[in-house]
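Below are the chains, spelled out letter by letter.
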Amino acid sequence: MKKLGIILLLCGLLSVSIFMVKAESYINYQEIIFDNDEAFLLKNYSDDDYSDNYKEIKKKKFMGWRINVVNGNEPVEFVSETKLKIYNNGFSTIKHNINLETKEETSYQISATGGIKLNVKGDVKKFKGAVDADIKASISYSKLTTSKESYEFQIIVDPKTYVKIITRGTGEVNNGVGKYYFFWINTKEGGWETFTVQTEYYEIIKERIR
Amino acid sequence: MKRVILIIIGLYLVIGTILVSTYKENSKKINYFTLKQNYSRLMLEEELLVVSLFIDRDDSFITEKSMIDSALLRNDESEIAVAITSVKLSDEDIQYKDKSYYLYTLNIDFTEVYVTNMDLVIEECYLDILYNNEELISLYIGDVALSFRDEINSDNLDFVHMTGIVNVIDGKKYLVGICLKLDNLTLQTITINDIYTNSDLLKFDLNNSFISNEAIVDNPASTDLFGEYNHLGDKEEGVIYFDDSYYYVIPVVYQEMYQKIYRFPLTIEYRLYNQDYKLEIDDYLFFDEFIRLDDYVDEIREYQYFYPESN
């Protein structure tokens, strides 16, 4: 009888599959739409865009970075990744406590190309070296905050159904290029981008498994 | 030359004295503040309430868990003893009025006074914390509405889609509607008699629902859904003879003024076989915002603690 109980319990556990997606880079979001039709992401820069925007940096420097902001404080709307999926393939109802948290690494994200590199320490991402401060100064960066509350939600998942939570939101994109000078000689150059989430909307959906 | 050196030394001494005295002054004082929140929660299975505290030091007794003797939530009319189970540093370098603050989260536990099916509403609530050094701090945290439940069930009715509709009103974002799709788990007709949450700050107006074939997820303007609708005031009683193939967008009505409320539970009262039932939905985060604290000065309560002068 005890054995049967254990087998049934195991079967029950196996019939529930939870698919949790880790915080994903904004680059892989399902959709990012700019309010301004002429604005675009760094990943969509063509070779001509790079070359034209490097040319915009006319003033040289003894030592350090010169930054050109191409798209500044551009509002965007996005659909991010599926935050969570729970499948109940079993024959009985299950209860789940879902725990989600909007983390710092989601609210402020960055990317870079060419000679501009990223420095990742734990959850904190920065542009490597002095260019981080130069970029933040050129886009008037100021850190945003939220209540930092983790979000626990109990949900009932009926047999042969799945639950998923997706987030949509609004944010701001800044991107551009930079050139590094050493004794007034341009020694490296690259592209940079910041993505700041301002609002997140949660959508929860339960559907039958087909 | 001798005079120049003497002037430089003199300047050093004056600047040094100013710096030392300023540092001493700062080390005697702690600046901290709270941001008003509307806490509306369904408390299940030893769930915690999380309160945020912004403070300009990370080495004070205020955020030292081992220094906490006791705590309570209170207003002028009621109070409840709570336990602070942890104090966590959640973020740092948060700017407010040109100063840098740490963000700590205080996890509040209710297990000592847990009562099943208790609804606790403490408007204009303070969190009082008594420390081992006999210091007491009172933090204004906002309105608290907690519903303690053992479990939630969905025997006859369940939701299959839920999201919020958010509009910008006077430059700030507020929830103006909720989009729900419900699933009738019976073969009988179910009538929705009421939808409400445990906070008195907002109500749901069933009479003026917008019905759609598709989920409404892109935050349309309230006027596109409800026409010239006033989201402030009282709501009238109403029913929805619902069809579970449609999405219902129900307008939110605020009692006195627009309120920032991101997360709350829902109770759906419905009628089946001439009997009344309830579907309770755990507190759901309809939306979340990342804000500049300087834009929310009116919602912030600032405090200062001065260390006693040593003899």
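Residues numbered from 1 in each chain as written. Chains lettered and ligands numbered in written order. Predicted model: local features only at pLDDT ≥ 70, side-chain atom pairs only at ≥ 80, totals over all residues. Heavy atoms only, no water.

## Remarks on the side chain of Lys260(B)
- With respect to the element layout, Lys260(B) can be found in the loop between strand S15 (247-254) and strand S16 (263-272).
- On the basis of relative accessible area, Lys260(B) is assigned to the buried category, the value being 15%. (Helix = DSSP H or I, 4+ residues; strand = E, 2+ residues; numbered from the N terminus. Buried < 20%, exposed > 50% of the residue type's maximum accessible area, 1.4 Å probe, protein only.)

## Here we look at the pattern of salt bridges
Residues and elements named next belong to chain B.
- Using the criterion set out here, one finds 14 salt bridges over all chains in the structure.
- One salt bridge connects Arg74 with Asp128, and the closest N-O pair in it is separated by 2.7 Å. With Arg74 in strand S4 (residues 68-74) and Asp128 in strand S7 (residues 119-131), this residue pair connects regions lying 54 residues apart in the sequence.
- Here Lys260 and Glu289 are joined by a salt bridge, their closest N and O atoms 2.9 Å apart. Placement of Lys260 in the loop between S15 and S16 and of Glu289 in strand S18 (residues 287-289) is noted, with a sequence separation of 29 residues between them. One exposure class covers both Lys260 and Glu289, and it is buried. (Salt bridge = Lys/Arg side-chain N within 4 Å of Asp/Glu carboxyl O.)

## Let's talk about unusual backbone geometry
- Residue Lys160(A) is not a glycine yet carries a positive backbone phi of 60°.
- Mapped onto the elements of the fold, Lys160(A) is located in the loop between strand S8 (151-157) and strand S9 (161-182).
- In this structure Lys160(A) comes out as partly exposed when scored by relative accessible area, which is 37%.
- Although it is not a glycine, Asn274(B) adopts a positive phi angle of roughly 60°.

## Looking at the confidence of the model for chain A
Residues and elements named next belong to chain A.
- For chain A, the average pLDDT comes to 83, and 83% of its residues sit at 70 or higher.
- For residues 8-16, every residue scores under 50 in pLDDT, and the model assigns this stretch 9 contacts once sequence neighbours within four places are set aside.
- Taken as a whole, residues 18-23 scores under 50 in pLDDT and shows 14 contacts with residues more than four places along the chain or in a different chain. (pLDDT = per-residue confidence, 0-100. Contact = heavy atoms within 4.5 Å.)

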